[in-house]
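Below, each chain spelled out in residue letters.
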Amino acid sequence: MVNVAILGFGVVGSGVAEVLATNGPHIDSKVDDLIRLKYILDVRDFPDSPFGDKVIHDFSIIENDPEVNIVVETIGGAKVALDFTRRVLKAGKSVVTSNKELVAEHGCELLQLAQEHGVSYLFEASVGGGIPIIRPLNQCLAANEIEEISGILNGTTNYILTRMIRTGLSFEAALKEAQQNGYAEQDPTADIEGHDACRKICILASLAFGRHVYPRQVPTEGITGVTLADVAYADSCGKKIKLLGRAIHREDGKVCAFVAPHLVDGEDPLSGVEDVFNAISVRGNAIGDVMFYGRGAGKLPTASAVVADVIDAARHKDAKKRMFWEDGGEDVAVPPTDLESAWYVRTEGRLEYVKAAFPDCPLLPRAGAPVNEFAFLTPPMTRAQLDSKLTTMAPCSVFRVLD
Ligand SMILES: NC(=O)C1=CN([C@@H]2O[C@H](COP(=O)(O)OP(=O)(O)OC[C@H]3O[C@@H](n4cnc5c(N)ncnc54)[C@H](OP(=O)(O)O)[C@@H]3O)[C@@H](O)[C@H]2O)C=CC1
Ligand SMILES: N[C@@H](CC=O)C(=O)O
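Cut-off values and rules
- Residues numbered from 1 in each chain as written.
- Chains lettered and ligands numbered in written order.
- Predicted model: local features only at pLDDT ≥ 70, side-chain atom pairs only at ≥ 80, totals over all residues.
- Near = placed C-beta within 6 Å.
- Helix = DSSP H or I, 4+ residues; strand = E, 2+ residues; numbered from the N terminus.
- Nonpolar A, V, L, I, M, F, W, Y, C, P; charged D, E, K, R; others polar.
- Domains from an automatic or database assignment.
- Core = buried A, V, L, I, M, F, W, Y, C linked by C-beta atoms within 7 Å.
- Buried ≥ 20, exposed ≤ 12 C-beta atoms within 10 Å, placed from the backbone.
- Contact = placed C-beta atoms within 7 Å.

1. Points about the site of ligand 1
- In the neighbourhood of ligand 1, 28 residues make up the surrounding shell, with Gly8, Gly10, Val12, Gly76 and Ala297 lying closest.
- When contributions to the shell around ligand 1 are tallied by element, the ones reaching two or more residues are helix H1 (11-22) and helix H5 (100-116).
- Broken down by element, the residue count for the shell around ligand 1 peaks at 3 residues, all from H1.
- A per-class count over the shell around ligand 1 returns 11 nonpolar, 12 polar and 5 charged.
- Summarising the domain contributions, the shell around ligand 1 has at least three residues from each of domain 1 (2-132 + 300-315) and domain 2 (145-295).

2. Focus: the nonpolar core
- Counting 119 residues, the largest nonpolar core has Ile201 and Ala205 as the members making the most contacts within it.
- Looking at this core, the element that brings in the most residues is helix H10 (residues 195-209), giving 10 residues.
- When residues no more than four places from it in sequence are discounted, the contact partners of Ile201 are Leu153, Val218, Gly245, Arg246, Ala247, Ala257 and Val259.

3. Section: the domain arrangement of the protein chain
- Under the domain assignment, the protein chain is made up of domain 1 (2-132 + 300-315), domain 2 (145-295) and domain 3 (340-401).
- Centre-to-centre separation of domain 1 and domain 2, based on C-alpha positions: 27 Å.
- It is H5 that provides the largest number of residues to the side of domain 1 that touches domain 2, a total of 7 residues.
- Partitioned by chemical class, the residues of the side of domain 1 that touches domain 2 number 8 nonpolar, 6 polar and 3 charged.

4. Remarks on unusual backbone geometry
- Not every positive phi belongs to a glycine, and Asp32 is a case in point at roughly 60°.
- One non-glycine residue, Asp275, lies in positive phi territory at about 55°.
- Looking at the secondary structure, you find Asp275 in the loop between strand E9 (255-265) and strand E10 (277-284).
- Taking the number of C-beta atoms within 10 Å as the measure of exposure, Asp275 has 17 and is therefore partly exposed.

Quick look at the structure:
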């Protein structure tokens, strides 16, 4: 018998209980053992839930119960979840989590702690919701030197952008829908300001390049600056606006990582990734490009990835799963200062200044645009080179164009 406890009975935690119950016999057959949910820890009671009788409020019951083998942490954040995770690992129990903030901030320490105590720390659901990406990166692509990872890593913002583009819905209304669907973080600022995507690219970069990349080292811009005008200009040149997390392994060994809105060409598979779906593209030196696609948030898709880790931890009860990266240090990550790209610029000002600075850039059309508003795409250049040409203008939006 494998006994499981869930910490945090919210969107994901309740999904985990549901999947364990609904697919119980199938899951047991995968492990060749019985997986049973023994406890659910939450601050509230859930009298109307079919799992209500499993709810407890004292963490030490789980910590001290020798029958509990696997603990699912779905509380979120890096405070109480960090304390509980450390204590569970020290008690010799494996931990499975969807908590990207915790992995991105403390993954190196927690993986080491798991190793010291002979247990597993698994976090497939921390990136891309239900999409398998952590295990493929750690196992299936292990033969490759990874050169670049880039992708749509946040379901909430992709949902908002899709709703704005497809139906002209306002940013606020689209965010409200995402919250009602259970996609958004408790504080949705983390989604719309790009912090959630930042945490995810940090996890992927740490795993792919072997050294911990911390969120504070990664320049991050969210989607609050994206307007319906930008959406219309992008559409006029056959592109879509997508929030991308990118991590590029440089020849000097450093990782150029950043999160920012990009214009993506209509021919690029990323442009067709809509609603809550995420897509992550990985370039390896043997495999070339490979892409992972699926639902990036939501109760059951995320629970699917969590329960897969529970199965994996149960299968490896006596031969622990190993995932590992070293501490990164302060110089592991660099900003995209040297990274050349074409740029989308929307600016207010005088036409002659635009023409003087960007003589070869045709203006993009938009119905109803103010007479002093101009938008265009530049040739490839660095951000510093672009800024030196924008000094006579008042740019409203500046986004990279994905090559
Ligand atoms: N929602 C999603 O689609 C996805 C979420 N994630 C991640 O999974 C984690 C959980 O997310 P989600 O389920 O959406 O969050 P929720 O806020 O829905 O769930 C968290 C639960 O934990 C409870 N809780 C808070 N503090 C404690 C505590 N001290 N002890 C026990 N329980 C506590 C909360 O109670 P209360 O509500 O009363 O505060 C709530 O029931 C987060 O790290 C999130 O980033 C990852 C992938 C997808
Ligand atoms: N808030 C996150 C949830 C999944 O990680 C998102 O929208 O992607």
